[in-house]
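Residues per chain, in single letters:
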Amino acid sequence: MKQKREYAALTVSKKAENSVAGGHPWIYDSEISGEDTAGCTDGALVDVFGRNGKYLGTGFYNHHSKIRVRLISRSANDRFDEAFWERRLRWAWEYRKTVMGRDTECCRLIFGEADQFPGLTVDRFGEILVTQTLSLGIEQRKELLFPLLVRILREDGQNIRAVYERNDVAIRAHEGLAENKGFFPLAGETPPSSTVTVITENNIRYAVDFENGQKTGFFLDQKYNRQAVAKLARGRKVLDCFTHTGSFALNAAHGGAEHVHAVDISADAVAMARKNAELNGLERRMSFETANVFDLLPSLEKQGHPYDFIILDPPAFTKSRRTVDSAMRGYKEINLRAMKLLPRGGYLATCSCSHFAADELFRNMLHSAAADAGVSLRQIEARQQAPDHPILWNVPETDYLKFYLFQIV
């Protein structure tokens, strides 16, 4: 029998029961009887039950979204008051301190479903927290959550000056939310006059434009993969493709590369990468170019083997299952060109940040590219995202970054 609570009750299909039992927190629109949703308010909490009346969990309801319910708890004893959310935020912060040690000045503090905050991202850039909210349930509770998080960090000796919202993403429309960005008001605080801040990661300084940069302003998930690149870079001529703001290029130069050439199709990104090189006194061993990598790599083949280390860190080529085949062709094109361009004994760093480009597909693509290039790949390392972007095994969407280091033999 259904347990009576203060929330609306939904009964879901067998498919949804199995998915929830397997640990996934999403329930889709097709998995709920329409009659059940009559009393549901968008953004409000609902209790979810199986067909036999067994309680499955409680989550945010939203009729605008194909993900009709996002579960936040599977315990019928939970009460979703301030103490509940404070407990969740403290768990997330304690986890970061555990897995990152002292390296928490720049890290992801909240990683959505992996931290049981559906649709919420919070990145820390020193004194600034940058948030992105992609679910209505969290949007309606941010007035509670954001000051709570700031208080928890400050009580632990962390200097947090401001919270900036980066909600300028079209995907918010799927939740019935408008786009916006700007400083979140914190009691007693005046927002900084600039939306560019300077951070330090791996002993390298970066200017981060958290108002206009991609995502929240800087990609924190490759932190330790950049260190792996730096270890191989000493004395090498490096080509960093899709450099964005120069993070891999700077790590290679800082690691002792003879020279690093950084390329991106965005002139603004290249300008920021150049500024970051100057910020670290590395500009004499680096050069920059605004170019399409798909055009650049074939043109470089005419020059023989001008580089002995190539880094491929492209943006996600696919954000849906429908375009996976096209994406894999794109990944193969740049990897094939890089493998042909490198000399025997050269090094290749290659990655994909798309969840839909699954690891098996990515590995098969690399096998095919190597065969067509007539080379063999000696694997040095296979890596993933940094642990502040935790992978929840029951939620495959949290597992997205593939990163490989090879020697060409």
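So, here is what we can say about the structure in this document.

1. Some details on the environment of S193
Thinking step 1. Mapping S193 onto the fold places it in the loop between β10 (180-184) and β11 (196-201).
Thinking step 2. For the pair S193 and M286, spaced 93 residues apart in sequence, the C-alpha separation works out to 31 Å.

2. Digging into unusual backbone geometry
Thinking step 1. The backbone phi angle of Q116 is positive, close to 65 degrees, even though this residue is not glycine.
Thinking step 2. If you trace the backbone, Q116 turns up in the loop between β6 (106-111) and β7 (120-125).
Thinking step 3. For Q116, a relative accessible area of 36% corresponds to the partly exposed category.
Thinking step 4. Phi angles above zero are rare outside glycine, and N203 is one such case at about 65 degrees.
Thinking step 5. Tracing the backbone through its elements, the reader meets N203 in the loop between β11 and β12 (204-209).
Thinking step 6. Exposure remark for N203: the relative accessible area of 65% places this residue in the exposed category.

3. Some words on the pairing of strand β14 (residues 259-264)
Thinking step 1. Burial analysis of β14 places five of its six residues in the buried class, which makes it a mostly covered element.
Thinking step 2. In this fold, the crossover linking β14 to strand β15 (residues 286-290) by way of helix α7 (residues 267-279) has right-handed handedness.

4. Description of the packing of helix α5 (residues 223-232) against helix α6 (residues 247-254)
Thinking step 1. At a minimum axis distance of 8 Å, the contact between α5 and α6 shows a crossing angle of 40 degrees. As judged from the angle between their axes, α5 and α6 are oblique. In this structure, α5 meets α6 at a crossing whose hand is right-handed. Only S247, F248, N251 and A252 of α6 make contact with α5, whose side of the interface consists of N225, R226, Q227, V229 and A230.
Thinking step 2. Residue classes in the contact of α5 with α6 are distributed as four nonpolar, four polar and one charged.

5. Here we look at the packing of helix α2 (residues 82-100) against helix α4 (residues 142-155)
Thinking step 1. With their axes 10 Å apart at the nearest point, α2 and α4 run at an angle of 50 degrees to one another. Between α2 and α4, the interaxial angle falls into the category oblique. The two elements α2 and α4 cross, and the hand of that crossing is right-handed. Contacts between α2 and α4 involve E82, W85, E86, L89, R90 and W93 on the former and, on the latter, L144, L145, L148, L149, R151, I152, L153 and E155.
Thinking step 2. Classifying every residue of the contact of α2 with α4 gives nine nonpolar, no polar and five charged.

6. Brief notes about the nonpolar core
Where a protein is soluble and globular, its nonpolar side chains tend to be buried together.
Thinking step 1. Counting residues in hydrophobic clusters, the biggest one holds 38 residues, and the most contacted among them are V229, V260, M286 and F309.
Thinking step 2. Sorting elements by how many residues they give to this core places α6 first, with five residues.
Thinking step 3. Excluding its chain neighbours within four sequence positions, the residues that come into contact with F309 are V229, L232, A233, R236, K237, V238, L239, L342, Y347, L348, A349 and L405.
Thinking step 4. If you look at the next biggest cluster of nonpolar residues, it comprises 34 residues, including C241, V263, I310 and L348.

Rules and cut-offs
- Counting of residues starts from 1 at the beginning of each chain's written sequence and follows it residue by residue.
- Where totals are concerned, whole chains, interfaces and linings use all residues; where local detail is concerned, this predicted model gives features only for residues with pLDDT of at least 70, and gives and counts side-chain atom pairs only at 80 or more.
- For the side-chain quantities, the full set of heavy atoms in the structure was used; hydrogens and water were omitted.
- Strands here mean DSSP runs of E at least two residues long; helices mean DSSP runs of H or I at least four residues long; both are numbered from the N terminus.
- Partly exposed describes any residue whose relative accessible area lies between the buried limit of under 20% and the exposed limit of over 50%, with all areas from a 1.4 Å probe on protein chains only and scaled to the type maximum.
- Handedness is read with the strands pointing away from the viewer; a crossover is right-handed when the path from the first strand over the helix to the second is clockwise.
- Every axis in this analysis is a line fitted to C-alpha atoms, fitted for helices over the stretch in contact. Angles between the N-to-C directions lie between 0 and 180 degrees.
- Orientation categories follow fixed angle ranges, with anything under 35 degrees roughly parallel, anything over 145 roughly antiparallel, 65 to 115 roughly perpendicular, and all other angles oblique.
- Here a crossing is called left-handed whenever its near helix is offset anticlockwise from the far helix by less than a right angle, and right-handed whenever the offset is clockwise.
- Residue contacts follow a heavy-atom distance rule, with two residues in contact if any of their heavy atoms lie within 4.5 Å.
- Residues are sorted three ways: Asp, Glu, Lys and Arg are charged, Ala, Val, Leu, Ile, Met, Phe, Trp, Tyr, Cys and Pro are nonpolar, and all the rest, Gly among them, are polar.
- Within this scheme, the nonpolar core is defined by two criteria: the residues are buried Ala, Val, Leu, Ile, Met, Phe, Trp, Tyr or Cys, and they are joined through side-chain atoms within 4.5 Å.

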